[in-house]
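Report on the structure
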Amino acid sequence: MDKQDAAEKLQQLLGNVNAVGVAHSVVVELSKYIIIFLFAVYTWHCFTVFIGRDKERKERVYRHQIKLMFTIHFICSLVLFLNSLNVQIVLLYVLQVVLFLFVSKSYPFVYEGMSRIVLNNMLILLMTGLIMIERLDIASAVRQMIFAAAICVLGLFIPYIIEKFSYFDIFGWFYAIAGLLLLALVFVIGEEHYGAKNWISIGGFALQPSEFVKIIYVFFSAAFLTKAKNFKDIVVVTVVAAAHVLILVLERDLGAALIYFITYLVILYVSTERLIYLLSGLLCGSGAAVAAYHLFTHVQNRVIAWRDPWSTIDAQGYQVARSLFALGTGGWFGMGLGEGMPGTIPVASSDFIFSAIGEELGVFFAICVILVEISCFVMFVNIALKMTRRFYKLTALGLAVEFIFQVFLTVGGAIKFIPSTGVTLPLVSYGGSSVISTVVLFSIIQGMYVLNREEAGDSEGKRRRGKRPEEEEDAEKFPQPKNVRQGAQRRRKRPAGAR
């Protein structure tokens, strides 16, 4: 049922009056401006919450962000319902509210001392994705919510695992072998989608091993580079990392190969602080990109579509051209939920969901989504800088680079800044593998951050207690009389220079 059918049905139920149709149109039209304003306020808080050191103010901002998220979610769900009168939307709305409430309350309890801004951003990105996927296909939204709910529950156990098994840096070869085997598994039981053989079907569900291996890959890189002492060690880890990328290239999953390559290059440079490694890597990567263009037909098609989508609009350029049409039609404030035609964009719910958002919710809203993703990246880097263990520092940094570079590839492909690479927008695009791996990524960083704060707090407490242990022991054994303690307190309170 489209918007016109829904309006006519409302008129039949409430009376055949024009006022009902007018009210319906007004609500749908005004909603897009309210949604944009609320999301802009949320985004503003992402970058202003850390101004000053008032902890109570920060807590108020975090609570305000959650309220904004639930308000946006309610308005979007109401508009979707009014445009279709589908009871499934009401049921999905209730289930999603339960999920968001559970995560927003349980995660701070389990991850004591966690980054609240990272949690809030994860939730609002999930919410945005579920709303847009629901707009495009309710069945896909149901599957996405099931995957999101399952991994959010399992994510509660990640800090426990990190705390109990704190020696993750000793399993470097295990990560390397496991990653290579999982990536190579598609050569045996893999399926091809959109020119890349990078999917595995299990029990009716299609999974991308590269989405899960990218986390193991960061653990492998950080574990090896943490212990690298000479050039030989660097060569060994680089060869193993190159094997991961080569397998992805052979699968023709060049988007994932590019993410793996850039991530390793950044970790290598930060670990060694050798500019020659960075420059050499970029040079080799440029040569590999040229080679891939000449070797793979689907890469050539994507480059042709990127260079001039209008001349091939009936063939290779249709997807990119339709994406640009959608963004241009939506303008700054969008056409409103249910008012556009995002379904005409090929794979709109996954690779090109940014274009669908821009068409119906507006380019301004889409820019705010990018800023929220950038806010996550900034917090990831900030958390990485605070890590005391070198392995955790490199791991958090690698996960941060994977996250933001994937955002760059998705948005860049949708706006024709770079050729399309077929990767998803983290937490927003449809895809069980993508949402599971991204929530795990968030949980790992949060778990490491909490563990790091606990260890730093214990070390500081021991250091302070270890300053004058003899005096502390004597104070416990031989407490001073009350009048002596009061005299000492008064002397400490005297201003400097007083006699």
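Given the structure is predicted, the values throughout are model-derived calculations rather than measurements. (Residues numbered from 1 in each chain as written. Predicted model: local features only at pLDDT ≥ 70, side-chain atom pairs only at ≥ 80, totals over all residues. Heavy atoms only, no water.)

Things to note about the packing of helix 3 (residues 55–84) against helix 5 (residues 116–136)
Two numbers describe how helix 3 lies on helix 5: the axes approach to 10 Å, and their chain directions differ by 5°. Taken together, helix 3 and helix 5 sit at an angle that is classed as roughly parallel. Residue-level contacts link E59, Y62, Q65, I66, M69, I72, H73, C76, S77 and L80 of helix 3 to R116, I117, N120, L123, I124, M127, I131, E134 and R135 of helix 5. Of the residues in the contact of helix 3 with helix 5, the class split is eleven nonpolar, four polar and four charged. (Axes fitted to C-alpha atoms, helices over the stretch in contact; angles between N-to-C directions. Helix = DSSP H or I, 4+ residues; strand = E, 2+ residues; numbered from the N terminus. Parallel < 35°, antiparallel > 145°, perpendicular 65-115°, else oblique. Contact = heavy atoms within 4.5 Å. Nonpolar A, V, L, I, M, F, W, Y, C, P; charged D, E, K, R; others polar.)

Side note on the side chain of S429
Position of S429 among the secondary structure elements: in the loop between helix 18 (390–414) and helix 19 (432–465). When its relative accessible area of 1% is taken as the criterion, S429 is described as buried. Reaching out from S429, the side chain makes a polar contact with the backbone oxygen of S350 at a distance of 2.6 Å. Those residues in contact with S429, other than ones at most four positions away along the chain, are I133, Q144, S349, S350, I353 and T424. (Buried < 20%, exposed > 50% of the residue type's maximum accessible area, 1.4 Å probe, protein only. Polar contact = N/O pair within 3.5 Å; in protein donor to acceptor, adjacent residues only side chain to side chain.)

Some details on helix 8 (residues 172–184)
Across its 13 residues, helix 8 extends 19 Å between first and last C-alpha, which sits within 8% of the 18 Å expected from 1.5 Å per residue. Looking only at helix 8, the buried set comprises G172, Y175, A176, A178, G179 and L183. (Expected span 1.5 Å × (residues − 1).)

Some remarks on unusual backbone geometry
Positive phi values are uncommon outside glycine, yet R252 reaches one of about 65°. Tracing the chain through its elements places R252 in the loop between helix 11 (231–250) and helix 12 (254–272). R252 sits in the partly exposed class, given a relative accessible area of 25%. The backbone of L427 sits at a positive phi, close to 70°, despite the residue not being glycine.

Focus on the pattern of salt bridges
Tallied over the full model, the rule gives four salt bridges. For R135, the salt bridge goes to E360, with nearest N and O atoms at 2.8 Å. You can see R135 sitting in helix 5 and its partner E360 sitting in helix 16 (residues 353–361), a full 225 residues away along the chain. A relative accessible area of 22% places R135 in the partly exposed class. For the salt bridge of E211 with K214, the shortest nitrogen-to-oxygen distance reads 3.1 Å. With E211 and K214 both in helix 10 (residues 209–227) and three residues apart, this pair spans about one turn of that helix. Each member of the pair, E211 as well as K214, is classed as buried. (Salt bridge = Lys/Arg side-chain N within 4 Å of Asp/Glu carboxyl O.)

What to know about the nonpolar core
Core analysis: the biggest nonpolar cluster contains 125 residues, and F100, Y107, M122, F220, F380 and F442 have the highest contact counts within it. Considering each element in turn, this core owes the most residues, 13 residues, to helix 5. Ignoring anything within four residues of it in the chain, the contact list for F100 reads M69, F70, H73, L123, L126, M127 and L130. By size, the runner-up hydrophobic cluster in this structure holds ten residues, among which are L397, V401, F405 and V423. (Core = buried A, V, L, I, M, F, W, Y, C linked by side-chain atoms within 4.5 Å.)

Here's the deal with the packing of aromatic side chains
The full count for this structure, using the stated rule, is 21 aromatic pairs. Their ring planes at 80° and their centres at 6.1 Å tell us that F408 and F417 sit as a pair that is edge-to-face. An aromatic cluster of at least three residues, connected via ring pairs, comprises F168, F171, F174, Y175, F219, F391 and Y392. (Phe/Tyr/Trp six-rings, centres within 6.5 Å; stacked < 30°, edge-to-face > 60°.)

Quick word on the confidence of the model for the protein
Summing up the model confidence of the protein, the mean pLDDT is 83 and the portion of residues at 70 or higher is 84%. Looking across the protein, the model is least confident in helix 20 (residues 469–477), with a mean pLDDT of 44, and most confident in helix 5, with 94. (pLDDT = per-residue confidence, 0-100.)

Digging into the state of the cysteines
Inspection of every chain in the model, using the stated rule, returns zero disulfides. Of the cysteine sulfurs around C46, a residue in no disulfide, the closest is that of C376, at 7.5 Å. (Disulfide = S-S within 2.5 Å.)

Some remarks on the environment of K416
Counting through the fold element by element, K416 comes out in the loop between helix 18 and helix 19. It is 8.9 Å that separates the C-alpha atoms of K416 and A321, two residues lying 95 residues apart in sequence. When neighbours within four sequence positions are excluded, K416 is seen to be in contact with W306, R307, P309, V320 and L324.

Observations concerning a nonpolar patch on the surface
Among the surface-exposed residues, V26, L30, Y33, I34, F47, W332, F333, F364, I367, L371, I374 and V378 lie close enough to one another that they form a single nonpolar patch of about 1100 Å² accessible area. Of all elements in the fold, only helix 2 (18–48) and helix 17 (363–386) reach the threshold of two or more residues within the nonpolar patch. (Patch = residues over 30% accessible without salt bridge, like charges linked within 9 Å, V, L, I, M, F, W, Y side chains within 5 Å. Areas by Shrake-Rupley, 256 points an atom, 1.4 Å probe, with all protein chains shown as cover.)

Here's the deal with the packing of helix 10 against helix 12
Two elements in contact, helix 10 and helix 12, have axes separated by 10 Å at closest approach and are oriented at 20°. Viewed along their axes, helix 10 and helix 12 adopt a mutual orientation that is roughly parallel. Where helix 10 crosses over helix 12, the handedness of that crossing is right-handed. Across the interface between the two elements, S210, V213, K214, Y217, V218, S221 and L225 from helix 10 touch A256, Y260, T263, Y264, I267, L268 and S271 from helix 12. A per-class count over the contact of helix 10 with helix 12 returns nine nonpolar, four polar and one charged. (Left-handed = near helix turned anticlockwise from the far one by under 90°.)

Focus: the environment of M145
By the secondary structure assignment, M145 is in helix 6 (residues 138–154). The exposure class of M145 is buried, given its relative accessible area of 8%. Residues M145 and G129, 16 residues apart in the sequence, show an inter-C-alpha distance of 9.8 Å. Residue contacts for M145: discarding those within four places in its chain leaves L92, L95, Q96, L99 and L130.

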